[in-house]
Amino acid sequence: MIAATPNTIDPAQRALAQARVVQALTAELPPHALLWHSEDTTPYECDGLSAYRQRPLVVALPETEAQVAAVLRICHDLQVPVVARGAGTGLSGGAMPHALGVTLALAKFKQIIQINPLARTATVQCGVRNLAISEAAALHGLYYAPDPSSQIACTIGGNVAENSGGVHCLKYGLTLHNVLRVRGFTMAGEAVDFGSEALDASGLDLLSLIVGSEGMLAVITEVTVKLIPKPALARCVMASFDDVRKAGLAVANIIAAGIIPAGLEMMDKAMTAAVEDFVHAGYDLSAAAILLCESDGTAAEVAEEIAQMQAVLMASGASHCEVSADEAQRLKFWSGRKNAFPASGRISPDYMCMDSTIPRKNLADILLAIQEMEIKYQLRCANVFHAGDGNLHPLILFDAKDPDQLRRCEEFGAEILEASVALGGTVTGEHGVGVEKLNSMCVQFSAAELAQMHAVKLAFDPQGLLNPGKVIPTLHRCAEYGRMHVSRGLLAHPDLPRF
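What counts and how
Residues numbered from 1 in each chain as written. Predicted model: local features only at pLDDT ≥ 70, side-chain atom pairs only at ≥ 80, totals over all residues. Heavy atoms only, no water. Helix = DSSP H or I, 4+ residues; strand = E, 2+ residues; numbered from the N terminus. Buried < 20%, exposed > 50% of the residue type's maximum accessible area, 1.4 Å probe, protein only. Contact = heavy atoms within 4.5 Å. Disulfide = S-S within 2.5 Å. Polar contact = N/O pair within 3.5 Å; in protein donor to acceptor, adjacent residues only side chain to side chain. Pairing = 2+ DSSP bridges. Axes fitted to C-alpha atoms, helices over the stretch in contact; angles between N-to-C directions. pLDDT = per-residue confidence, 0-100. Parallel < 35°, antiparallel > 145°, perpendicular 65-115°, else oblique. Left-handed = near helix turned anticlockwise from the far one by under 90°. Nonpolar A, V, L, I, M, F, W, Y, C, P; charged D, E, K, R; others polar. Phe/Tyr/Trp six-rings, centres within 6.5 Å; stacked < 30°, edge-to-face > 60°.

Student: What exactly am I supposed to notice about the environment of I259 here?
Tutor: The residue I259 is located in the loop between α8 (244–256) and β13 (263–268) in this model. I259 gets classed as buried once you look at its relative accessible area, which sits at 4%. Sequence spacing of I259 and L249 is 10 residues, and the spatial spacing of their C-alpha atoms is 14 Å. In this view, I259 contacts I254, E305, Q308, M309 and V312; residues no more than four positions away in its chain are not counted.

Student: What am I meant to see in the state of the cysteines here?
Tutor: Any covalent bond linking the sulfur atoms of two cysteines counts as a disulfide. If you walk through the whole model with that rule in mind, you get one disulfide. Distance from the sulfur of C293, which forms no disulfide, to the nearest cysteine sulfur (C236) is 7.0 Å. Residue C409 stays outside any disulfide, its sulfur separated by 8.9 Å from that of C381, the closest cysteine. On the basis of relative accessible area, C409 is assigned to the buried category, the value being 0%.

Student: Mind showing me how you'd approach the side chain of T224 here?
Tutor: Following the sequence through the fold, T224 ends up in strand β10 (residues 219–226). By relative accessible area, which is 0% here, T224 ends up buried. A distance of 3.0 Å separates polar atoms of two side chains, one belonging to T224 and the other to T123. Apart from the residues within four sequence positions on either side, T224 is in contact with T121, A122, T123, V179, L180, R181 and E197.

Student: Can you help me understand the sheet that holds strand β5 (residues 112–116) in this one?
Tutor: The strands that make up a sheet are held in pairs by hydrogen bonds between backbone atoms, and each pair lies either parallel or antiparallel. An order of β5-β6-β10-β8-β9 is seen for the five strands of this open sheet, with the pairing classed as antiparallel. Where the open sheet ends on each side, the last strands, each with one partner, are β5 and β9 (191–195). Pairwise comparison of adjacent strand axes, ignoring direction, gives a mean angle of 10° for this sheet. As defined by bridge partners, strand β8 (residues 179–185) adjoins β10 across six bridges and the pair is classed as antiparallel. Directly across from F185, in β10, lies its bridge partner V219. Together, β5, β6 (121–125) and β10 form the strand contacts of helix α4 (residues 130–137), whose direction differs from that of β5 by roughly 45°.

Student: What exactly am I supposed to notice about the confidence of the model for the protein chain here?
Tutor: Detailed reading of the predicted model is not advised wherever pLDDT is low. When the pLDDT values of the protein chain are averaged, the result is 93; 95% of them are 70 or greater. Across residues 1–6, where pLDDT falls below 50, the model places 22 contacts with residues more than four positions away in sequence or in other chains. For residues 491–499, every residue scores under 50 in pLDDT, and the model assigns this stretch 23 contacts once sequence neighbours within four places are set aside.

Student: Any chance you could explain the packing of helix α13 (residues 363–377) against helix α14 (residues 403–422) here in plain terms?
Tutor: Where α13 meets α14, the closest approach of the two axes is 10 Å, and the angle between their N-to-C directions is 155°. As judged from the angle between their axes, α13 and α14 are roughly antiparallel. Crossing hand, α13 versus α14: right-handed. Across the interface between the two elements, I366, I370, M373, E374, K376 and Y377 of α13 pack against R408, E411, F412, E415, I416, A419 and S420 of α14. Looking at the contact of α13 with α14 residue by residue, the class counts come to seven nonpolar, one polar and five charged.

Student: Any chance you could explain the side chain of S92 here in plain terms?
Tutor: With respect to the secondary-structure elements, S92 resides in the loop between β3 (82–85) and β4 (102–105). Note on S92: relative accessible area 1%, which makes it buried. Each residue touching S92, except ones within four places of it in the same chain, is listed here: D47, L49, E162, E214, H431, G432, V433, G434, V435, E436 and K437.

Student: Would you take a moment to explain the packing of aromatic side chains for this structure?
Tutor: The relative placement of two aromatic rings is captured by the distance of their centres and the angle of their planes. Counted under the stated rule, the structure contains three aromatic pairs. Relative to Y351, the ring of F341 has its centre 6.1 Å away and its plane inclined at 45°; by these criteria the two rings are tilted. Separated by 10 residues along the polypeptide, F341 in helix α12 (residues 340–347) and Y351 in strand β16 (residues 350–353) bring together distant segments of the chain. For F341, a relative accessible area of 14% corresponds to the buried category.

The structure is reproduced here in structure tokens:
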């Protein structure tokens, strides 16, 4: 994997560029909102993908939209790259700084502007935490449905940029399905609005374009989201399987039966062992895989759906099913799933969390393929899936201080993504492309498709200054990657496109 920005910059060139940017921004930002000394900017050198780091030239911490616009206008005039950053919980290197650019940190935009219980909407600034929206709406019996595992820390601006999901996205949708309006600024400092709080918006529907755009089209400052009523009751079934193929089949069978659970998650034996040791959720450690299947609604609806799910699970080969007896046990079941990432951090110095999607029917195929890759690359991998919509999160465990382990981890991850495409899936589900999946985009998309993506980017940002070097690979890069990939004998599926 190639970093988006070079780590070897001429010190004199860097110092000159830094002095020029600091001088220009000092006129618009107070001293405490501008960082450029190494001890101050080092904490911003990476997001949750800590294997790749780059210290930014300058960090700007605006407190108002006027300051955001001013920073962007100045950087536009100086032709200085800008990388927007929220809480830094992203897992694909999307917020990794540019070596000669400004990191625009938006953590101070944390005001909940309005909760409208009648319209069932919340308007918030981009730095508001995901969970804080539901906490503020709880007074009205409402909540915000998308719930990434990092919801205690991740911010709504980052959720919009990555189109984040969560364990309940199967029934309630991703960020895209729960956002009404997004306000932001172009690279030139021009205010722009996408979508509307009304049922429809005039002009082109660009809301779907900005959601998941990873900071490449505009800097998000304000979001209006949908709120939904809190269900009267929720219960969770934990089902154990002695074979991963049976567990994968059970997922497909549940959906085929016309059941749409509130949540449908899968963990393999390695992951359940890691999280059980961490949070003691009550998981079956003897199982090859477990499924968490949740139902919510009225008491009668939940009772009926739980009975249907149990019948399908047992018919699919479950060795044991346990239904949460109360809310405390339900939350305990989910605490293990939501702590999968920190639990993995306890058993390995580093991990790389992949994020691809496959058809549900192929869940077992990819798990078995990953087991073979563990032997091939001599690295462990713990797996947790948003099984209901086929979104994989294999966590490859490695030590980033060992260059050879890092290389093997990168190749392991690339092969998982490649295998996902070969099975009819995609290279990313909800974590974005960032730096991590840049090469893998060459595997899934044709030259014409990549050219169209570049055209959209240039329509919003003609100079290519917003989050440059991320998400969309150049055709030259794809050609280089294809030659390197084949020469190393890494191409697992020869029928995939080569550039």
